[in-house]
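Structural description and commentary
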Amino acid sequence: MTLQEFFKQYSQAYSALDAKAVYAMFTRPFVAVFHGQTAVFGERDTDALYQATVGILDYYRDQGVTSASCYLAEVLPFGSDLASVKVRWTAKRDQAEPWIFATAYHLKREDGQWRIYGVAQYEEHSHPAH
């Protein structure tokens, strides 16, 4: 599976707000950075990582998210089994403007399949020309 195919499947799982499908695409140890806070999930933190995934998807559901789509803005391969990817997301919402945001992912291949071991959601700011 290519990274493009992986993220198509990942965005479909997010669009469905399917915690089990999203969680299945993670590996441990896993590091998440959201709003400047870091969370680390070790090999034995299976339930904690799953519950965090459920919590994030519940938040999106509560905000009216009806679908999510993404495209790979930048790929930094590190050999054939590691990569960092910058993804731009558009999350459509009921009766609200869509959310548009960027997320960085760190992936590795396990048993021939891509898995996410790190994620950082961030905002990009444009800088005035000098």
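Residues numbered from 1 in each chain as written. Predicted model: local features only at pLDDT ≥ 70, side-chain atom pairs only at ≥ 80, totals over all residues. Heavy atoms only, no water.

Quick notes on helix α3 (residues 46–62)
Counted at 1.5 Å a residue, the expected span for α3 with its 17 residues is 24 Å, and the 24 Å between its end C-alpha atoms agrees. Buried within α3 are the following residues: Leu49, Thr53, Leu57 and Tyr60. Around the axis of α3, the buried residues are gathered within 70° of arc, so they sit on the same side. Facing away from the buried surface of α3 by more than 90 degrees, the exposed residues are Asp47 and Asp62. Two residues or fewer past α3, Gly64 is found with a positive phi of approximately 85°. (Helix = DSSP H or I, 4+ residues; strand = E, 2+ residues; numbered from the N terminus. Expected span 1.5 Å × (residues − 1). Buried < 20%, exposed > 50% of the residue type's maximum accessible area, 1.4 Å probe, protein only. Arc of directions from axis to C-beta.)

Digging into the pattern of salt bridges
Tallied over the full model, the rule gives three salt bridges. As a salt-bridge pair, Arg61 and Asp58 come within 2.8 Å of each other at their nearest N and O atoms. Residue Arg61 and its partner Asp58 are both found in helix α3; the two are separated by three residues, about one turn of the helix. Asp58 sits in the partly exposed class, given a relative accessible area of 34%. Two residues, Lys108 and Glu110, come together in a salt bridge whose shortest N-O distance is 3.7 Å. Judged by relative accessible area, which is 26%, Lys108 ranks as partly exposed. (Salt bridge = Lys/Arg side-chain N within 4 Å of Asp/Glu carboxyl O.)

Re the pairing of strand β5 (residues 96–110)
Pairing analysis gives 11 bridges linking strand β4 (residues 82–93) to β5, with the strands arranged antiparallel. Bridge assignment links Val87 to a residue of β5, and that residue is Thr103. Here β4 folds back onto β5 in antiparallel fashion, the turn holding two residues, of which Gln95 has a positive phi close to 50°. Taking the residues between adjacent antiparallel strands as the criterion, β5 and strand β6 (residues 113–122) are bridged by two residues, where Asp111 takes a positive phi near 50°. (Pairing = 2+ DSSP bridges.)

Looking at the nonpolar core
By size, the foremost hydrophobic cluster in this structure holds 33 residues, and its most contacted members are Phe7, Tyr10, Trp89, Tyr105 and Leu107. If you list the elements that add at least two residues to this core, you get α1 (3–15), α2 (19–23), β1 (26–34), α3, β3 (65–77), β4, β5 and β6. Counting residues per element, this core draws most heavily on α1, at six residues. Not counting residues up to four positions away in its chain, the partners in contact with Tyr10 are Val22, Met25, Phe26, Trp89, Tyr105 and Ile116. (Core = buried A, V, L, I, M, F, W, Y, C linked by side-chain atoms within 4.5 Å. Contact = heavy atoms within 4.5 Å.)

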